[in-house]
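Descriptive structure summary
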Amino acid sequence: MSDSWSQTVTVRLFGWAAAALVLVGVVCVLPLLLVDAGPDDDQGARVAGAAFSTAVIVVCVVLLCGFTRIRVSVDRRGLRVTLPLLFGMRVKSIPLSRVATVSAEDDLRPAQWGGWGYRVMPGRSAIVLRRGPALVVGTTADTYFAVTLADPETPAALLATLTAGGAAGAAGPAEAAKSQ
């Protein structure tokens, strides 16, 4: 078995959502700039409102586009999840020294972890891109992290092997997530 593993997951839905947001932004912001409401109109306020709205939309579009592709890696440093389209920005990192349990869950349901996307809840967080198989990592701080992957068994086995003599548990996190 190799001592490193990585997989890039692409989610086109976030790209389509970004495109829809751009369209909505154009439809909503353009009229603020083009329509003349009359002599008593405060054009400065309209321009400021349009500029603020545009800035918010741009930030949201950049984040949505960034999450269209995530990279999940496991090696001697532990588990890392990055956003390649946002210059490799690290979303989550769990060093090997903090890995307590590891499991490959067969059917992670988004509702168990707070819905779709990057979810943060007390004691656990997840990147849920679809319903189905997921890697679930329990930490020494008694928190859990999950990420949906097509083949979570391979990174789970590698993490278990790389942690203290392969002592990471194989069932703990999945049951803990289901009970919360």
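Here's what I pulled together on the structure shown here. Small disclaimer: the values here were computed from a predicted structure and weren't measured.

A look at the sheet that holds strand 6 (residues 117–121)
- If you walk across this open sheet you meet the five strands as 5-8-9-7-6, and the pairing is mixed. Across the chains shown, the open sheet's two edge strands, defined by having one partner strand only, are strand 5 (99–108) and strand 6. On average, adjacent strands in this sheet sit at an angle of 15 degrees to one another, irrespective of strand direction.
- Pairing geometry for strand 8 (residues 132–139) and strand 9 (residues 144–148), over five bridges, is antiparallel. Paired with L135 across the bridge in strand 9 is V147.

Considering the nonpolar core
- Residues I70, V72, L79, I127, L135, V147 and L159 are the most contacted members of the largest nonpolar core, which totals 28 residues.
- Secondary-structure elements contributing two or more residues to this core are strand 1 (5–10), strand 2 (69–75), strand 3 (78–83), strand 4 (89–95), strand 5, strand 8, strand 9 and helix 3 (153–162).
- With four residues, the single largest contributor to this core is helix 3.
- For L135, the residues in contact, after removing those within four places along its chain, are L79, V102, S103, F145, A146, V147, L149, P152, P155, A156 and L159.

Focus: a nonpolar patch on the surface
- Together, V22, V26, L30, L32, L33, L34, V35 and V47 make up an exposed nonpolar region whose accessible area comes to about 660 Å².
- The element that contributes the greatest number of residues to the nonpolar patch is helix 1 (residues 12–34), accounting for six residues.
- Looking at the secondary structure, you find L32 in helix 1.

Rules behind the numbers
- Residues numbered from 1 in each chain as written.
- Predicted model: local features only at pLDDT ≥ 70, side-chain atom pairs only at ≥ 80, totals over all residues.
- Heavy atoms only, no water.
- Pairing = 2+ DSSP bridges.
- Helix = DSSP H or I, 4+ residues; strand = E, 2+ residues; numbered from the N terminus.
- Axes fitted to C-alpha atoms, helices over the stretch in contact; angles between N-to-C directions.
- Core = buried A, V, L, I, M, F, W, Y, C linked by side-chain atoms within 4.5 Å.
- Buried < 20%, exposed > 50% of the residue type's maximum accessible area, 1.4 Å probe, protein only.
- Contact = heavy atoms within 4.5 Å.
- Patch = residues over 30% accessible without salt bridge, like charges linked within 9 Å, V, L, I, M, F, W, Y side chains within 5 Å.
- Areas by Shrake-Rupley, 256 points an atom, 1.4 Å probe, with all protein chains shown as cover.
- Salt bridge = Lys/Arg side-chain N within 4 Å of Asp/Glu carboxyl O.

Geometry only, nothing functional implied.
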